[in-house]
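Structural overview for review
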Number of protein chains: 2
Amino acid sequence: MKALLLIAHGSHRKQSNEEVVMLAERLRHSCSEQYSIIHAGFLEFAEPLIPDGIKKCIDEGASSIIVLPYFLNSGHHVIEDIPNIVNNTKTHYPDLEIKIATHLGASPLMVDLLITAANATK
Amino acid sequence: MKALLLIAHGSHRKQSNEEVVMLAERLRHSCSEQYSIIHAGFLEFAEPLIPDGIKKCIDEGASSIIVLPYFLNSGHHVIEDIPNIVNNTKTHYPDLEIKIATHLGASPLMVDLLITAANATK
C-alpha cells in the first residue's frame, strides 16, 4: 500500500498545526485512490514527529511512502534535516520504499496558485 | 497601474531569497498583462524589506498593490506582522490602494499542487 506523509515544520501555535492536519484531510478526500494512507507529520514542535508519522503509515500497512515536505524554499530543513531523519528512520524498516518529494516552491503549479490567490483578493 | 508584491519571510541563506526573486520573475512572465509591476520583498533578513518593496512599486507608477504573502500557514507573520507593516507604510501614501492576499495554504489549488508534487517523485 502507498502512503503519503505531509511534513510541515510544526509551530508553537496550535492553529498552524491544525491547518496542516486539515490539509492532510483534504488530500485524503482528493487522492485516496492513489494513496491508501495519508497522514500529517512535523519536523518539530508538534506530534507526530517524522519517525512516528512513518511508523504510523507502516502500522497501517504501507509498503511505500512518499514524504511530501510542506515547505516553500530549499532551506536547511528541506536539504538536510528532513532527508537525515527519513534516512535514519528507514534503517529500522529495510523493506520500506520511501522517497522525498521536492519542496513546493519548485512546483510548476506554484505560479498558477499565486496568481489565483492574488486575483481572489478583495 | 496594478502591482503585485510577493512577500517571503527572508532567510540568512542567500539561495532561499534568490528562489523568491526567481519566482517573482516567473510571475512576471505569466501575468504581466494583469499586473504591470511585479516585485519580491521580504519580512526580514533580505532586501527589499516590505516598505521598500512598496516604495519600489509606487516609484514605478503603481496606484494599487496586491501584497501576496508567500507563507503556508496563518502564523503571526501573516496575521500580524505583514498587515502591521503594510498599514504603517500605507499612511505615507494616502492615495494608494493596497490589499493583502490570503496565505497560500488557504488556496483551493494547494491540494492539486501537493498531489502533483507527490506524483512527480521518482
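Summary of the structure given here. (Residues numbered from 1 in each chain as written. Chains lettered and ligands numbered in written order. Predicted model: local features only at pLDDT ≥ 70, side-chain atom pairs only at ≥ 80, totals over all residues. Heavy atoms only, no water.)

1. Focus on the packing of helix H2 (residues 50–59) of chain B against helix H3 (residues 76–90) of chain B
Residues and elements named next belong to chain B. Keep this limit in mind: Here, axes are lines fitted to C-alpha atoms. For helices the fit covers the stretch in contact, and angles between N-to-C directions go from 0 to 180 degrees. Only DSSP runs of H or I with at least four residues qualify as helices, and only runs of E with at least two residues qualify as strands; both kinds are numbered from the N terminus onward. Should an angle fall under 35 degrees it is taken as roughly parallel, and over 145 as roughly antiparallel, whereas 65 to 115 is taken as roughly perpendicular and any remaining angle as oblique. With the far helix as reference, a near helix turned anticlockwise by less than a right angle produces a left-handed crossing, and one turned clockwise produces a right-handed crossing. A contact between two residues is defined here by any heavy atoms of the two lying within 4.5 Å. Under the convention adopted here, Pro, Cys and the residues Ala, Val, Leu, Ile, Met, Phe, Trp and Tyr are nonpolar, Asp, Glu, Lys and Arg are charged, and Gly plus all remaining residues are polar.
Where H2 contacts H3, the two axes come as close as 9 Å, and the packing angle between them is 45°. As summarised for this structure, H2 and H3 are arranged oblique, according to the angle between their axes. In the crossing of H2 with H3, the sense of the turn from one axis to the other is right-handed. Between H2 and H3, the residues in contact are Ile50, Pro51 and Ile54 and Ile82, Ile85, Val86 and Thr89, respectively. In terms of residue class, the contact of H2 with H3 is made up of six nonpolar, one polar and no charged.

2. A closer look at the sheet that holds strand S3 (residues 64–69) of chain A
All names here are of chain A. For clarity, the cut-off: A pair of strands is treated as paired once DSSP finds two or more bridges between them.
Read from one edge to the other, the open sheet built from four strands follows the order S2-S1-S3-S4, with strand pairing classed as parallel. What marks the edges here is a single partner per strand, and that holds for strand S2 (37–42) and strand S4 (97–100). Averaged over all pairs of adjacent strands, the angle between their axes in this sheet comes to 20°, without regard to strand direction. Of the pairings in the sheet, the one linking S3 to S4 comprises four bridges and is parallel in character. Residue pairing across strands places Ile65 opposite Ile98, the latter belonging to S4.

3. Here's the deal with the nonpolar core
Keep this limit in mind: Nonpolar cores were defined as sets of buried Ala, Val, Leu, Ile, Met, Phe, Trp, Tyr and Cys residues, with membership established by side-chain atoms within 4.5 Å. Burial status follows relative accessibility: with a 1.4 Å probe on protein chains alone, a residue under 20% of its type maximum counts as buried, one over 50% as exposed, and anything between as partly exposed.
Core analysis: the biggest nonpolar cluster contains 52 residues, and Tyr70 and Met110 of chain A together with Tyr70 and Met110 of chain B have the highest contact counts within it. Dropping the residues within four chain positions of it, Met110 of chain A is found in contact with Leu72, Leu104 and Gly105 of chain A together with Leu23, Tyr70, Leu104 and Leu113 of chain B.

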